[in-house]
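The chain contents come next:
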Amino acid sequence: PASATEAAPNLDALNATGSNGTEALNATAKFVATAEGTALAYGSLVVMALLPIFFGAIRSVTCSKSKNGSDIPETITSRDAARFPIIASVTLFGLYLFFKVFSQEYVNLLLSLYFFVLGVLALSHTMSPLTSRLFPESFPNKQYQLLFTQGTGESKEEMLNYEFDTKNLVSLVLSSGVGVWYLLKKQWIANNLFGLAFALNGVELLHLNNVSTGCILLGGLFVYDVFWVFGTNVMVTVAKSFEAPIKLVFPQDLLEKGLEASNFAMLGLGDIVIPGIFIALLLRFDVSLKKNSRTYFYSSFLAYIFGLGLTIFVMHTFKHAQPALLYLVPACVGFPVIVALFKGELTEMFRYEETPPEDESSKEDAPESEKKE
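Residues numbered from 1 in each chain as written. Predicted model: local features only at pLDDT ≥ 70, side-chain atom pairs only at ≥ 80, totals over all residues. Heavy atoms only, no water.

## Focus on the overall build of the chain
Then, number 1: Helix and strand counts for the chain come out as 16 helices and six strands.
Then, number 2: In the chain, 78% of the contacts between residues at least 6 apart in sequence involve partners at least 24 apart.
Then, number 3: Here the chain displays about 18200 Å² of accessible surface, and carbon together with sulfur accounts for 63% of that area. (Helix = DSSP H or I, 4+ residues; strand = E, 2+ residues; numbered from the N terminus. Contact = heavy atoms within 4.5 Å. Areas by Shrake-Rupley, 256 points an atom, 1.4 Å probe, with all protein chains shown as cover.)

## Let's talk about the nonpolar core
Then, number 1: Counting 86 residues, the largest nonpolar core has Leu 45, Leu 217, Leu 221, Phe 242, Ile 272 and Tyr 304 as the members making the most contacts within it.
Then, number 2: Ranked by the residues each element gives to this core, the list is headed by helix 11 (residues 270-289), at twelve residues. (Core = buried A, V, L, I, M, F, W, Y, C linked by side-chain atoms within 4.5 Å. Buried < 20%, exposed > 50% of the residue type's maximum accessible area, 1.4 Å probe, protein only.)

## Some remarks on the UniProt feature "transmembrane region" (unreviewed entry) in the chain
Then, number 1: UniProt's feature table lists "transmembrane region" (unreviewed entry) at residues 39-61, 81-99, 106-127, 205-230, 264-283, 295-318 and 324-342, given in the numbering used throughout.
Then, number 2: Span residues 106-127 is 100% helix and 0% strand, its end C-alpha atoms 31 Å apart.
Then, number 3: Annotated as 81% helix and 12% strand, the span residues 205-230 places its first and last C-alpha atoms 31 Å apart. (UniProt positions renumbered as here; feature names shortened; annotations may be inferred.)

## With respect to the pattern of salt bridges
Then, number 1: Inspection of the entire model under this criterion finds five salt bridges.
Then, number 2: Counted as one network, the salt bridges with shared partners bring together Lys 291, Lys 343 and Glu 345. (Salt bridge = Lys/Arg side-chain N within 4 Å of Asp/Glu carboxyl O.)

## Describing the packing of helix 8 (residues 211-231) against helix 13 (residues 325-343)
Then, number 1: Between helix 8 and helix 13, the shortest axis-to-axis distance is 9 Å and the interhelical angle comes to 160°. Regarding the angle of helix 8 to helix 13, the classification is roughly antiparallel. Regarding helix 8 and helix 13, the two cross each other, and that crossing is left-handed. Residue-level inspection shows Cys 215, Leu 218, Leu 221, Phe 222, Asp 225, Val 226 and Phe 230 of helix 8 in contact with helix 13, the latter providing Leu 325, Leu 326, Val 329, Pro 330 and Val 333.
Then, number 2: Along the lines of polarity and charge, the residues of the contact of helix 8 with helix 13 split into eleven nonpolar, no polar and one charged. (Axes fitted to C-alpha atoms, helices over the stretch in contact; angles between N-to-C directions. Parallel < 35°, antiparallel > 145°, perpendicular 65-115°, else oblique. Left-handed = near helix turned anticlockwise from the far one by under 90°. Nonpolar A, V, L, I, M, F, W, Y, C, P; charged D, E, K, R; others polar.)

## A few points about a nonpolar patch on the surface
Then, number 1: On the surface, Val 117, Leu 121, Tyr 144, Leu 169 and Leu 172 cluster together to form a nonpolar patch covering roughly 410 Å² of accessible area.
Then, number 2: Elements supplying a minimum of two residues to the nonpolar patch: helix 5 (104-134) and helix 6 (166-185).
Then, number 3: Mapped onto the elements of the fold, Leu 172 is located in helix 6.
Then, number 4: The partly exposed category is assigned to Leu 172, whose relative accessible area is 31%. (Patch = residues over 30% accessible without salt bridge, like charges linked within 9 Å, V, L, I, M, F, W, Y side chains within 5 Å.)

## Concerning the environment of Met 48
Then, number 1: Position of Met 48 among the secondary structure elements: in helix 3 (residues 35-63).
Then, number 2: Between the C-alpha atom of Met 48 and that of Leu 267, which follows or precedes it by 219 residues, the distance is 9.5 Å.
Then, number 3: Once residues lying within four places of it in the same chain are set aside, the contact partners of Met 48 are Asn 192, Leu 196, Leu 248, Val 249 and Phe 250.

## Some remarks on the environment of Ala 57
Then, number 1: Assignment of secondary structure puts Ala 57 in helix 3.
Then, number 2: When its relative accessible area of 0% is taken as the criterion, Ala 57 is described as buried.
Then, number 3: Distance from Ala 57 to Phe 278, taken between C-alpha atoms, is 9.2 Å for residues 221 residues apart in sequence.
Then, number 4: In contact with Ala 57, other than residues within four places in its own chain, are Pro 52, Val 203, Ala 280, Leu 283 and Phe 297.

## What about the pairing of strand 6 (residues 264-268)?
Note on strand geometry: in a regular strand, side chains alternate between the two faces of the sheet.
Then, number 1: Counting buried positions along strand 6 yields four of five residues, so the element is predominantly enclosed.
Then, number 2: Sheet topology places strand 5 (residues 247-251) next to strand 6; five bridges connect them, and they run antiparallel. Of the residues in strand 6, the one forming a bridge with Pro 251 is Phe 264. (Pairing = 2+ DSSP bridges.)

## A few points about the side chain of Asn 108
Then, number 1: Here Asn 108 is to be found in helix 5.
Then, number 2: Once residues lying within four places of it in the same chain are set aside, the contact partners of Asn 108 are Phe 99, Ser 241, Phe 242 and Glu 243.

## Thoughts on helix 9 (residues 234-241)
Then, number 1: Counting buried positions along helix 9 yields six of eight residues, so the element is predominantly enclosed.
Then, number 2: All of the buried residues in helix 9 are Val 234, Met 235, Val 236, Val 238, Ala 239 and Ser 241.

## Some details on unusual backbone geometry
Across residues other than glycine, the phi torsion is negative in most instances, and most of the peptide bonds are trans.
Then, number 1: Unusually for a residue other than glycine, Lys 186 sits at a positive phi of about 50°.
Then, number 2: Assignment of secondary structure puts Lys 186 in the loop between helix 6 and helix 7 (188-205).
Then, number 3: Unusually for a residue other than glycine, Lys 290 sits at a positive phi of about 55°.
Then, number 4: Inspection of the secondary structure puts Lys 290 in the loop between helix 11 and helix 12 (295-318).

## A word on the pairing of strand 5
Then, number 1: Most of strand 5 is tucked away: five of the five residues are buried.
Then, number 2: Of the two faces of strand 5, both are covered, the one formed by Lys 247, Val 249 and Pro 251 as well as the one formed by Leu 248 and Phe 250.

## Observations concerning the side chain of Ser 112
Then, number 1: For Ser 112, the position within the fold is in helix 5.
Then, number 2: Residue classification places Ser 112 among the buried positions, given a relative accessible area of 2%.
Then, number 3: Polar side-chain contacts of Ser 112 include one of 2.7 Å to the backbone oxygen of Asn 108.
Then, number 4: Among all residues touching Ser 112, those that are not within four sequence positions of it are Leu 183, Lys 186 and Glu 243. (Polar contact = N/O pair within 3.5 Å; in protein donor to acceptor, adjacent residues only side chain to side chain.)

What follows is the structure in C-alpha cells.
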C-alpha cells in the first residue's frame, strides 16, 4: 500500500462487498442448499478466513523488523483510524452510485483489470517465500533493484525502492498465469487465490501503531457496518453487483455440480483483514513481552472464530444479511481485554507502542550519546 490513508478506501471496498460475511443465501436466487452443502461451504469459508490471519500475523512480526523497502509495513495511526469509517462510507456510496449510473458490465470490466494487476502482485509476494525454498542452492539467483527517485542532489527523494531476484520473477510469472485464468474464466478457485493473497498481504503489511488505535478503528467500523447493512440496502446492492476478487466464495452446490457449481456462499475480505490486523498487533505485543507465550494472540484468534461462527448462526437462523463486525469487534477486542485484566497487564497492553522500522534504523545510525538518550 502506498500509505495508510490511501489503503483505507481499498480496504473498505473489500469490507463493503461482503460485510455480512455470509450473505450468499440472500444473494442466491431460487436455490435451496442441502444441509451438507451449506456446512461444507461455511466450514470452508471459516478455514479460508483463518489461514491469512494466522500466517499473515506471523509474517507481520518479521515484516515489522524489515528494512527492505518492499517489505516495510504501512502504519495506521489514530488519525487514520478515526477517518477510516468516513472514507469507507464515501467509497461505498460512490460504488453504489457508479453501479446505478453506469453499466454494470463496464464497471466490472475496469475493476477486473485493476484487481488483476493488484492480484498478481499480491499473489507473487505471498508465493515468494515458498518458491524460494523449491529452488536448489545452485540455482543462478540474480539480484535486482527497482529504484525511482524525484529531484537531484541533496533534494533527491526516494519514491520507490523495490528489491527482488530471479526467484521473485518466477513467482510473478506463476501469479500472472492465475491472473489470466481469472480474467478469462472468472473461476471461483482463481478468485479465492487472489482473495487469500489480498487478505494475507493486508494483515502482514498494514500495522496498527497501538491497541488504542485498533480500538478506534474497529469501533468506527462497527458502527459503519451496522448502519450500512441494517440502515440501507447500499452494501447488499454493491455486494451483489461487484465482480472482483475482493471476497472469498465457496459453492453450496459443490456436491451436486462439482467445480461447475454456481451458488456461492461468500465472505468479504474486509471481515478478515480488519480484525486480522488487530490480531496481528496482539501477536507482536506478545513477542514484545518476551515471555515465550502467545496468550493475547491465541485469545483473539479464538475470539475471531467465535464471532464468525456466531455471524453464520444468526444469519442462518434469521435469514437476513448480518454485519459480521457486529459480532467480530466485541469478540476480538473483549476477549484479549478480559485476559489482560486477569493477568494484570491491561495498562501495559494499552501502553504498547510500535516503532516503525525506519525509526529503528535511524536509531542504529545515531551517535552513541543519542542512543543513550
